[in-house]
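If you want the building blocks of each chain, they are given just below.
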Amino acid sequence: MVRDYLNTPSDVSPASLQKILKACRTELEQSNKELKLVREQAAGASQKYSELYDFSPSGYLTLSPDHKIIEINQSGCEILGSQYQLLTGTELDNYISPDTRDVLKVFYRNIAESRNMEFCEVIVDSNGNQLKNVFIEGRVMLKSEEILLNLVDITGLQKSAMLLQQTRQNYETFINAIDEFPFVMDREGKIIYSNLTTRNRLGFTATDLSEMKFEMLHSPAERFEASCCFHSMLRGSEISCNIPLFTKSGEQILVETRISHGTWNGKPAIFAVSKDITAAKMVEQTLLVSEKKYRTMLNASPDGLLVIDLDGKITEVSEIGLQLLGSELREDIISRHITDFVPSEEQKVISAMIEKTINEGLTQNMEVIIRRKNKTFFPGEMSSTLIQDTDGSPLLFMIIIRDNTERKKTEAKQMHADRMANLGEMASGIAHEINQPLNIISMVLDKILLEAARNQKIDVAFVNEKSERIFENIIRIRNIIDHIRAFSRNHDDYVFSGFNVNTAIESSFSMITEQLKYLGINVILELDEDVPEIFGNKYKFEQVIVNLLVNSKDAVLEKKSLIPDYMDMMIGIKTFRENSSLIVEVTDNGIGIKDDDIHNVVLPFFTTKDEGKGTGLGLSICYQIIKEMNGTIDIISTQSAGTKIRISLSPSMHES
C-alpha cells in the first residue's frame, strides 16, 4: 500500500490521498505488531539456546588456535571446577592432570591434521579438587581455526566399569576356587564354560572341553543313561543323578550332578554342577561299617542296653534289652518313654538318675523295679552314661539294664551264710553266755538239795526265793536262744518298720561280748539316748553291727600278732545326731586297711584276711543292707593305726 501511494498520480484528490494514508498507517501498525512478535520469539529462542548451551550435561568449549578458552558453558565450568571469568583466556592444559597432558597434545595434533572429529580421555585436576575422568570430542572450525570441544564427565562410568571388572574378577576367582565341577552347555550339550577346578581335576584344557559334549565325560556304557537322567532333570522329574565322570587319563570320579535351565551371555543355556562325592561315599561306607560294629557290640553285651534322647524316649535297644523288657519287636520299645517300664513309685529313681547323669556324666548301679511289657516285674539295676555333642552339650543317654533276680537270691544266701559264719565265730561266747545261767541254776538246785538234806522241812520262802533265781536264769537262756534263732533266720520277707538303733546295737553286742572279753578286747559304748528311730530291717541292721564288730576284732588281733607288746586292744561303738542324719561309728585301733585296698573292701569276695579266715562278703553285705535303708557307709582307715566305719542314716518319717 505504501508503494502504491508513492506511485500515486499527482492529480489525486485530497480525500483519496487521506484514505490512502489511513490505510498505510493501519498496515504499518500491523507490521510493527508482527515485528514485535518476531523479536519476542527470537529473544525466547535465544534464551532457550543459552539455557540449553549453559546447562547441557556436556561441557561446550571454544578454544583459540593456541588452545586458550574463548567460550565455555556452565557445565564446562563445573567439569573444570572453576568460574567462567577465571576460565576464559586460560589454556585448557592448565586444568588437565600432568599424567594425561600428553594425551591432550596428541588430540590437538590429530584434529589439526585430520580436520575431522577426534576423541580422547583425560583426567581433570583443578586446584586439588577431586580428580575426574573426562571424555573429550572435538574438531577444528575450517574458517576461523577455532576448536570446538565437547566434554563429558565419565568418572561415574569409569567407576562402574572398574566395579564391573572387579566383580567379574571376583566371580572368576570364586568360581575357580570352588571344589565342584560347573559346566555351561548350549542346547546341544556342547560345553561353553568350565572352571579351573574342573579342568585341573579332569585333566582337560579349556580348548579340549570347548570341543566336547558333556556326555563324552561319561563312560560309553553310561552315556545313554546319563542322557536320559539329564533330560529327566530338565523336565523336573528328577533332582540329581550319580553317574561318574571320567578324567582324560581314564580315572573315575564319583559325582552327584544337578541340571537346570538358564541363559549365558543372553542365550539359552544348560547348567550342570557335578559335586565330587568320593569322600562322602567313603564316609558313608565307614559309617555303615561303624554302625554294623556298633550294633554287633550293642547286641553282644550281656546286659540290656537302651539309648534314650533328652526327653527320655527310647531311640535304640539291644537284643538283651528287648528280652528284659519282655518284647520280641523293636517297634514295641522304640519311641516309648523310659518311665513306661517302671512302676509309678519308681519314676523318681529314674528322674534322679537322669539328673545325676547330666550333672556328673555317669550314674552307676541304681536299683529299681522294672516292669516288662506284660506287666510283670523284676528287681533290676540301671546305670546311665551321658553322650555329648562335639561342643559338649548333652545329646543322648546310654542306659544299662541288669536283671538282679538271681543276684538278689545269691545275696540272700550269702547274707544267711554270713550270719551262720558269724554264729560259728560267736559259738564259744554264746556257750559261755548260756553256761553262766546254767551254772547259777545248778548252784541254786545244789543249795536247795543241801538245805533239804540238812532239814526235813524246807522253808517255803526259801524255796520261792531260790525258784525265782532259777526261773530268771531260764528266761535269760531262752532270750539268748530266741535272739540267736532270730539272728540266724532269713528275713527277706521282713516288712520295714521303725526301730531303735541303740537297742539293735546292744542286742548285737550281747552275742559277741563274752568272746571279746575272753580275748581281752576292751569295748567302749557311747550311745546317745536322744537318737531317733530308723526305718528298716532291724535284724539285718544287727547283722551289720555284728559283721563290723567281727572285722574290728580280727583287725586288733592281727595287729597283736605282729606287735607282741600291743595290749590296749580297743573297739568303740558310738551313735549321735548330725544335722538331719543319725550317725553310727564303729572304730578300732587295729591293723588298718592299705590305701590301695580302701576302695575294694566293699566288693563281694574281696578280703584282706589270710586264706581260710574270711569270705570277703562281710562289708559287701553291710554295704547292701545300709543301701537298702537309703543310708551310706564311709570307711576311714590308716594302716597300723586303725579304722573307722561311719554309717549315715535318715530318721523314720515320724521322727524327722
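About the criteria used
Residues numbered from 1 in each chain as written. Predicted model: local features only at pLDDT ≥ 70, side-chain atom pairs only at ≥ 80, totals over all residues. Heavy atoms only, no water. Helix = DSSP H or I, 4+ residues; strand = E, 2+ residues; numbered from the N terminus. Buried < 20%, exposed > 50% of the residue type's maximum accessible area, 1.4 Å probe, protein only. Contact = heavy atoms within 4.5 Å. Areas by Shrake-Rupley, 256 points an atom, 1.4 Å probe, with all protein chains shown as cover. Core = buried A, V, L, I, M, F, W, Y, C linked by side-chain atoms within 4.5 Å. Pairing = 2+ DSSP bridges. Axes fitted to C-alpha atoms, helices over the stretch in contact; angles between N-to-C directions. Parallel < 35°, antiparallel > 145°, perpendicular 65-115°, else oblique. Left-handed = near helix turned anticlockwise from the far one by under 90°. Expected span 1.5 Å × (residues − 1). Arc of directions from axis to C-beta.

**Remarks on the overall build of the protein**
- Across its full length, the protein holds 18 helices and 23 strands.
- Relative to its 656 residues, the protein shows a buried fraction of 37%.
- In the protein, the share of contacts with a sequence separation of at least 24, taken over all contacts with a separation of at least 6, comes to 52%.
- As displayed, the protein has an accessible area near 38,600 Å², and 54% of this comes from carbon and sulfur atoms.

**A look at the nonpolar core**
- In this structure, Val 501, Phe 541, Leu 548, Val 584 and Ile 647 are the most contacted members of the largest nonpolar core, which totals 40 residues.
- Broken down by secondary-structure element, the contributors of at least two residues to this core are α16 (501–518), α17 (538–562), β20 (570–578), β21 (581–588), α18 (618–628), β22 (632–638) and β23 (642–649).
- With eight residues, the top contributor of residues to this core is α17.
- The contacts of Ile 647, once residues within four sequence positions are left out, are Val 544, Leu 548, Leu 582, Ile 583, Val 584, Ile 626, Thr 632 and Ile 633.
- Grouped together as the second largest cluster of nonpolar side chains are 24 residues, Cys 77, Ile 96, Phe 107 and Tyr 108 included.

**A short note on the sheet that holds strand β3 (residues 118–124)**
- One open sheet accounts for five strands, arranged β2-β1-β5-β4-β3; its pairing is antiparallel. Since the sheet does not close on itself, it has two edges, and those belong to β2 (69–72) and β3, each with one partner. Ignoring which end each strand starts from, the neighbouring axes of this sheet average 30 degrees apart.
- Bridge analysis of strand β4 (residues 132–140) against strand β5 (residues 147–153) gives seven bridges, and the strand direction is antiparallel. Paired with Arg 139 across the bridge in β5 is Leu 148.
- Packed onto the sheet, helix α5 (residues 101–114) meets β1 (59–63), β3, β4 and β5 and runs at close to 160 degrees relative to β3.

**Details of the packing of α16 against α17**
- Viewed as axis vectors pointing N to C, α16 and α17 meet at an angle of 40 degrees, and their least axial separation amounts to 9 Å. Accordingly, the angle class assigned to the pair α16 and α17 is oblique. Judged by the sense of rotation from one axis to the other, the crossing of α16 with α17 is right-handed. Between α16, through Val 501, Ala 504, Ile 505, Ser 507, Ser 508, Phe 509, Met 511, Ile 512, Gln 515 and Leu 516, and α17, the contact on the second element is made entirely by Lys 538, Phe 541, Glu 542, Ile 545, Val 546, Leu 549, Val 550 and Lys 553.

**Focus on unusual backbone geometry**
- Although it is not a glycine, Glu 145 sits at a positive phi angle of roughly 65 degrees.
- Of note in the backbone geometry, Asn 630 takes a positive phi value of approximately 60 degrees without being a glycine.
- Structurally, Asn 630 can be placed in the loop between α18 and β22.

**What about the sheet that holds strand β18 (residues 522–527)?**
- Pairing within the open sheet is mixed, and its five strands lie in the order β18-β20-β21-β23-β22. Strands at the two margins of the open sheet, each flanked by one partner only, are β18 and β22. With direction set aside, neighbouring strand axes in the sheet form an average angle of 15 degrees.
- Relative to β23, β22 runs antiparallel, the two sharing seven bridges. Bridge pairing in β23 links Ser 637 to Thr 643.
- Along the sheet face, α16 touches β18, β20 and β21 and points at about 170 degrees away from the line of β18.
- Sheet strands touched by α17: β20, β21 and β23. Its angle to β21, the strand with the most contacts, is close to 25 degrees.

**Side note on α5**
- Here α5 contains 14 residues, and its C-alpha end-to-end distance of 20 Å stays within 8% of the 20 Å for a straight helix at 1.5 Å per residue.
- Inspection of α5 places Leu 104, Phe 107, Tyr 108 and Ile 111 among the buried residues, and these make up the whole buried set. The arc enclosing the buried residues of α5, seen along the axis, measures out at 100 degrees, which places them on a common side. Residues of α5 that are exposed and point over 90 degrees away from its buried face: Asp 102 and Glu 113.
- Following α5 by one or two positions, Arg 115 adopts a phi angle in the positive range, close to 55 degrees.

**A few points about helix α12 (residues 347–360)**
- The terminal C-alpha atoms of α12, which comprises 14 residues, lie 20 Å apart, in line with the 20 Å expected from a rise of 1.5 Å per residue.
- Looking at α12, one finds that the buried residues are Val 349, Ile 350, Met 353, Ile 354 and Thr 357. Angular distribution of buried residues about the axis of α12 spans 135 degrees; they occupy a single face of the element. Turned more than 90 degrees away from the buried face of α12 sit Lys 348, Glu 355 and Asn 359, all of them exposed.
- One or two steps after α12, the chain reaches Gly 361, where phi turns positive at roughly 90 degrees.

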